[in-house]
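Listed here are the chains, written in short residue letters.
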Amino acid sequence: MKAKYIYAFGGGKADGNESMKNLLGGKGANLAEMAGHRDLRLPVPPGFTITTEVCTYYYEHKKSYPAGLKKDVERALQTVERLMGRKFGDPVNPLLVSVRSGARKSMPGMMETILNVGLTEKTIPGLVEQSGGNSRFVYDAYRRLIMMYSDVVMEKAAGIEPKDDNSGIRRQLERIMDRVKKAKGYTSDTDLTAEDLRQLSSEFKMKVREILGQEFPDDPLQQLWGGIGAVFSSWNGKRAVSYRRIEGIPDEWGTAVNVQSMVFGNMGSDSATGVAFTRNPGNGDNRFYGEYLIDAQGEDVVAGIRTPAPINEYSKSEHNKELVTLEKAMPKIYKELFQIQRRLEKHYRDMQDIEFTIEKGRLFMLQCRVGKRNGPAAVRIAVDMLAEKLIDKRTAVMRVTPSQLDELLHPIIDPAVEKEQEPLAKGLPAGPGGAAGQIVFSAHDAVEWAKQGKKVILVREETNPEDVEGMRAAQAILTARGGMTSHAALVARGWGKCCIVGCSGIHVDYSSKILSADGVSLNEGSWITLNGTRGNVYKGQLPMMDASSENKVLMDFLKVCDSVKRLGIRTNADTPEDAKRGRQFGAQGIGLFRTEHMFYGKGSEEPLFRLRKMIISRTAEERRRALDELYPYVKKDVKGTLEAMDGYPVVVRLLDPPLHEFVPRDEGKLRDLANDLHITMEELASRAENLHESNPMMGHRGVRLGITYPEVSEMQIRAVFDAAAELLKEGKHPYPEIMIPVVGHVNELKDQFEIARRVYREVLAQHGLKSMKHMVGTMIEIPRAAIVSDKIAEMAEFFSFGTNDLTQMGFGFSRDDIGSFLPDYLEKRILPDDPFQTIDQEGIGELMKISIERGRKARPGLEIGICGEHGGDPRSVDFCHRLGMDYVSCSPFRVPIARLAAAQAATAAEKKGSGRRK
Ligand code: PEP
Ligand code: MG
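Nothing here was measured: the structure is a model prediction, and the numbers come from that model.

Right, let's talk about the sheet that holds strand β29 (residues 649–653) for a bit. With parallel pairing, the eight strands of this closed barrel are ordered in space as β27-β28-β29-β30-β31-β32-β33-β34. Recorded for the sheet is a direction-independent mean angle of 30° between the axes of neighbouring strands. Sheet strands touched by helix α23 (residues 620–644): β28 (590–594), β29 and β30 (735–740). Its angle to β28, the strand with the most contacts, is close to 165°. Here helix α33 (residues 844–858) sits on the sheet in contact with β31 (775–780), β32 (798–801) and β33 (863–866), set at roughly 175° to β32.

Shown next, in the form of structure tokens:
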């Protein structure tokens, strides 16, 4: 049987439905659902979708169509004609259509659209008739068609590259129009009369002939096929390709083409067009939210040329509060639209982004799709919809991506400082959070400056799809024009980036690279700060802060995650403060306390001095003295951390790094050390020299230190047990897990275990205790240890994967030096990802799998976690879930992300499981 290339919709019926996104694209599938599903049957202008398979065919067959497609299109067009009671190309009662792209995943503004197809010299009078004699409207539609068609079909799709930005056909036509407006003293497009537009259309056609060497086609079918071809071609247009790279959309997907009968929002004051969301995409409020324009076509709303009006009181902003709402202007239509959007949301059980047009008092639904939202809105909507019983817990956790959650954890401008500031200008809050950066005026500069490590804010009059890479590179985006549904707003919202649009108080001068606002002029490179949640622009660089732990909706959402996840979530914390923060973020213990961190940074001077003494010691006697001095510092830090995590396990790792890292370089410090040890500077230099290693990462570190200097391990172990014993006596519930790093052979562990057992007995006796809850275990971070995990597990009471070192030693890539060659590896696709960021599941992951299997075979119920950086990476968390680990551990700020990732991993695994059972 011949493949079905065309799926019709309209008249309460549809060939396709929502589940057919791969074949019909998102837009086509949703149009079919809206038009044909028995619960909806909405007023959708009839049309048909040409499938993505045709796009694939088109590219595989030198841009030609499968046999029979022409006939199928004609037949489908006849059905549309019948439903509309109009005929394509008919001089008396003409049907016009739009031709639009629609990929599986929405790619806003990245591909082409052509409206008013079918309008020719012959059909113009018929359309004038249909519109009740509104020849202004008709010629306006005609000049739009010529502009769009010559640009999209005759220039772009034909592969004609204009010399520069200004010589493209669209620009040239726009200049003609500007000239006419100027000559006539008009300020707005709407001032142009029917006669002006008629003359403009003729001029446009002449210009098209002159520049492109071809006539603008006056044949409706030629227009239609030109449009279809241009949409397919735009799949491989520059913008679409670069957007796909950023979003990871495969090239093979292709786009569908939607041909749909035109309805007009620009037929006069009883016509309008708009874009709305079933809930506020900026903050998640369960309120109908949107914008519309009277007497306008859809592109006018998105293009940001006129400021759209709010659909209702709720949608009012600083910017549009003077304009009349749709609710007031057309109350009946508003009511109908309101009910439709409620039905749509109930049907899809998710927030919808809808496009509508009102033609002469009649409402049409042009599009609906799952609405893009920022992080705060995503979390709020998930929590609310769960409470409203629209969705279940598992759906709720899948509704928020880790990067959306990350947005909520992102900084905001310190409110105390912000309160004192006067904004330089105000715009629409299109993307949340705060950001400070240096002004750049072009996407190109944004990319270049960001490459140099600078933080930039991209400031534009308005953005267009060519700017996406610059928008990506910038900390934030600020535009002078455009509404909440403008290009910049849509893209920023999708990425969760701080963004302000429609900031009409700023003036952008590209040629002199100056932003002026409120009497202030700022050059390129000047700092500004944006509050994307409120739409405020400030001069200078304001301080940022984190506000996530005060966010109740976030906390509620994370609780839902916790009720779904199986993995435990711990945090890597090296100080009592970090431990407290980890607890606030919901960590259920510490997966890695790096003892050595007490020797870095603030307050480290004294313990560091003692550590250095210990390192430089020659005899066991000297060393023991230094260790005795060091002991109280270690105990204090461990005790504080155990206390902050009361009742939860705390993995304390014994000293890991190569000792020479701690030898001072500073002359004065060296002298203090020599004096304290009563040795000469020469003697000190020679001892330090002895510590030098050619390859310290594989040198005298981790357990090897404890083997050579048992007293070093002993001091640390004693500090941990003493801290726990003291806390026990204070009525607390300490639970230390002592972890021995860099182990490759079970005999290394045996050696250290003897010390641990002896010290444990001694501490019990000393404190008069019978027992203390604790474990002694090891890191699995050396490939050999992974392989012999059965033997290791005979000693170790728990495992924790040190995937930083396991990756380093498994790949043979130095953790510290990979930066010099990784970019080439990624660029050439030798590796899909940085293996230090996301676990290499095939290789390093396999070592982990072997280790878990062998470890648990030798010791059933062995506690297994991960404490490498991967513990906060969502894909790695999913992998750890599938491996059956007990917990993941990551930095305090990543804990919420890990909670979500763990919940999503559990949900995904459940879905897969039930799929198999069926
Ligand atoms: C690891 O190797 O994964 C680890 C957590 O230890 P470190 O990063 O301290 O070497
Ligand atoms: Mg390590």
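Moving on, we come to the pairing of strand β10 (residues 289–294). Burial of β10 is extensive: five of the six residues sit out of reach of the surface. As paired strands, strand β9 (residues 272–277) and β10 are joined by six bridges and run antiparallel to one another. What sits directly across from Phe277, in β10, is Tyr289.

Let's shift gears to the layout of surface pockets. Taken as a whole, the second largest pocket holds about 790 Å³ of empty space. For the lining of the second largest pocket, the elements supplying multiple residues, two or more each, are α13 (375–387), α15 (402–408) and β16 (428–431). By residue class, the composition of the lining of the second largest pocket is 13 nonpolar, 16 polar and six charged.

Turning to the nonpolar core, a few remarks are in order. Of all hydrophobic cores here, the largest spans 125 residues; its most connected members are Leu405, Phe557, Leu611, Ile792, Phe801, Met848 and Met885. When residues of this core are assigned to their parent elements, the largest contribution, 10 residues, is made by helix α27 (residues 710–729). Not counting the four nearest positions on each side in its chain, Met848 is found in contact with Phe801, Thr803, Leu806, Ile839, Ile866, Phe879, Leu883 and Met885. Core analysis: the next-biggest nonpolar cluster, separate from the first, contains 86 residues, Ala76, Met107, Val259 and Ala474 among them.

Glancing now at the coordination of the magnesium ion (ligand 2). Looking at the metal site, the magnesium ion (ligand 2) is ligated by Glu781 (OE) and Asp805 (OD), spaced 2.0 to 2.1 Å from it. Here Asp805 lies in helix α31 (residues 803–811) and Glu781 lies in the loop between β31 and α29 (783–787), a separation of 24 residues in the sequence. Neither Glu781 nor Asp805 differs from the other in exposure class; each is buried.

Applying the stated criterion to the full structure yields 68 salt bridges. When the shortest N-O distance is used, the salt bridge between Arg171 and Glu174 registers 3.0 Å. Here Arg171 and its partner Glu174 are both found in helix α6 (residues 169–184), three residues apart, which amounts to about one turn of the helix. What makes Arg171 partly exposed here is its relative accessible area of 41%. For Glu762, the salt bridge is made with Arg718, and the minimal N-O distance between the two is 2.7 Å. A residue pair is termed long-range when its members are at least 10 positions apart, and Glu762 in helix α28 (residues 746–767) and Arg718 in helix α27 qualify at 44 residues. Residue classification places Glu762 among the partly exposed residues on the basis of a relative accessible area of 31%. Residue Arg718 is classed as buried on the basis of its relative accessible area, which comes to 18%. Within this structure, Glu596, Arg653, Asp656, Arg701, Asp805 and Arg815 form a network of salt bridges that share partners.

The rules behind these values
- Residues numbered from 1 in each chain as written.
- Chains lettered and ligands numbered in written order.
- Predicted model: local features only at pLDDT ≥ 70, side-chain atom pairs only at ≥ 80, totals over all residues.
- Heavy atoms only, no water.
- Pairing = 2+ DSSP bridges.
- Helix = DSSP H or I, 4+ residues; strand = E, 2+ residues; numbered from the N terminus.
- Axes fitted to C-alpha atoms, helices over the stretch in contact; angles between N-to-C directions.
- Contact = heavy atoms within 4.5 Å.
- Buried < 20%, exposed > 50% of the residue type's maximum accessible area, 1.4 Å probe, protein only.
- 1 Å grid on protein atoms, 1.4 Å probe; cavity = no way out; pocket = protein on both sides within 12 Å on 5 of 7 lines; lining within 4 Å.
- Points joined across faces, edges and corners; volume = space filled by probe spheres on them.
- Nonpolar A, V, L, I, M, F, W, Y, C, P; charged D, E, K, R; others polar.
- Core = buried A, V, L, I, M, F, W, Y, C linked by side-chain atoms within 4.5 Å.
- Donors = N, O, S within 2.8 Å, 3.2 Å for Na, K, Ca; no water.
- Salt bridge = Lys/Arg side-chain N within 4 Å of Asp/Glu carboxyl O.

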